[in-house]
Amino acid sequence: MECIFCKIIAGEIPSDTIYKDEEFIAFRDIQPQAPVHVLIVPVNHIVSVNDLGEKDASMIGRLILLAKRIAEQEHIAESGYRLVINCGSEGGQVVPHLHLHLMGGIRLNDRMG
Ligand code: DGP
């Protein structure tokens, strides 16, 4: 297994995990861009948005709803937050395992890259 997020899911690499169920794991980003920076990751190894199909539509819905719940737990729901999925090299994706960034706790600037 080469994928770093699969290794985190398997418990082979330590992480600051704040949520886990059979479908998703959420852990704090090792290089946080904001006071709250959580990565929400499907347990199944899906490389990127490019690999999603119709069968994944409900999973993606649950991913967003989980992000909303974690934002509430992290006390940033009211102040606001940003959800980002990078896709591919020019989209800024570094880890080739689909993940949603949840960032907040500070006023985020408008610059996207
Ligand atoms: P992206 O650029 O969208 O692929 O984001 C990858 C993020 O993953 C980046 O913000 C840093 C984070 N990251 C990379 N390796 C690790 C790790 O081993 N542990 C944790 N917690 N985060 C990691």
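As a convention, each chain's residues are numbered from 1 in the sequence order in which they are written. The model is predicted, so local features are restricted to residues of pLDDT at least 70 and side-chain atom pairs to those at 80 or more, both for listing and for counting; the totals for chains, interfaces and linings are taken over all residues. The side-chain numbers reported here are obtained from all heavy atoms of the structure, hydrogens and water having been left aside.

### A closer look at the packing of aromatic side chains
Okay, so step 1: Only the six-membered ring of Trp is used, alongside the rings of Phe and Tyr, when aromatic pairs are assigned; centres must lie within 6.5 Å, and planes under 30 degrees apart are stacked while those over 60 apart are edge-to-face, with the rest tilted. Per the counting criterion, the structure on display carries one aromatic pair.
Okay, so step 2: With 5.3 Å between their ring centres and 80 degrees between their planes, F5 and F27 make a pair best called edge-to-face. With a gap of 22 residues between them, F5 in helix α1 (residues 4-9) and F27 in strand β2 (residues 24-28) connect regions that are remote in the sequence. Pair check on accessibility: F5 and F27 agree, each one buried. Only runs of H or I of at least four residues qualify as helices and only runs of E of at least two qualify as strands under DSSP, and these elements are numbered from the N terminus. Think of it in three bands: with a 1.4 Å probe and only protein chains considered, a residue is buried below 20% of the maximum accessible area for its type, exposed above 50%, and partly exposed in between.

### Thoughts on the nonpolar core
Okay, so step 1: What is meant by a nonpolar core is a set of buried Ala, Val, Leu, Ile, Met, Phe, Trp, Tyr and Cys residues, joined one to another through side-chain atoms within 4.5 Å. Ranked by size, the top nonpolar core spans 17 residues in total, and within it A26, V38, I40, L66, I70 and L102 carry the most contacts.
Okay, so step 2: Where this core is concerned, the elements lending two or more residues are β2, β3 (36-42), α2 (57-73) and β5 (100-104).
Okay, so step 3: For this core, the element with the highest residue contribution is α2, accounting for six residues.
Okay, so step 4: Judged by nonpolar contacts, the second largest core, of 10 residues, contains F5, I8, I9 and V41.

### Some details on the site of the ligand
Okay, so step 1: Proximity criterion: a residue is near a molecule or strand once any of its heavy atoms comes within 4 Å of it. For the ligand, the set of nearby residues contains 16 residues, the closest of which are D29, G92, V94, H99 and H101.
Okay, so step 2: Counted as a polar contact is a pair of N or O atoms within 3.5 Å, where, for protein atoms, one must be capable of donating a hydrogen and the other of accepting one, and residues adjacent in sequence contribute only when both atoms are in side chains. Between an oxygen atom of the ligand and a side-chain N or O atom of D29, the distance comes to 2.5 Å.
Okay, so step 3: Note that a nitrogen atom of the ligand is positioned 3.2 Å from one of the backbone N or O atoms of I30.
Okay, so step 4: Here the ligand has 510 Å² of accessible area as a free molecule, and 87% of this is covered by the chains.
Okay, so step 5: In this analysis the probe radius is 1.4 Å and the grid spacing 1 Å, with only protein atoms considered; a cavity is a set of points the probe fits into but cannot get out of, a pocket is an open set with protein on both sides within 12 Å along at least five of seven lines, and lining residues have an atom within 4 Å of a point. Criterion for pocket placement: a molecule counts as inside a cavity or pocket if more than half of its atoms are within 2 Å of its grid points. Its atoms largely coinciding with the cavity grid, the ligand occupies the largest pocket.
Okay, so step 6: Listing elements by their share of the shell around the ligand, those giving two or more residues are α1 and β2.
Okay, so step 7: In the scheme used here, Gly and all other residues not listed as nonpolar or charged are polar, with Ala, Val, Leu, Ile, Met, Phe, Trp, Tyr, Cys and Pro taken as nonpolar and Asp, Glu, Lys and Arg as charged. Broken down by class, the residue content of the shell around the ligand amounts to eight nonpolar, six polar and two charged. Using a 1.4 Å probe, accessible areas were evaluated by the Shrake-Rupley method; residue-level cover was limited to the displayed protein chains.

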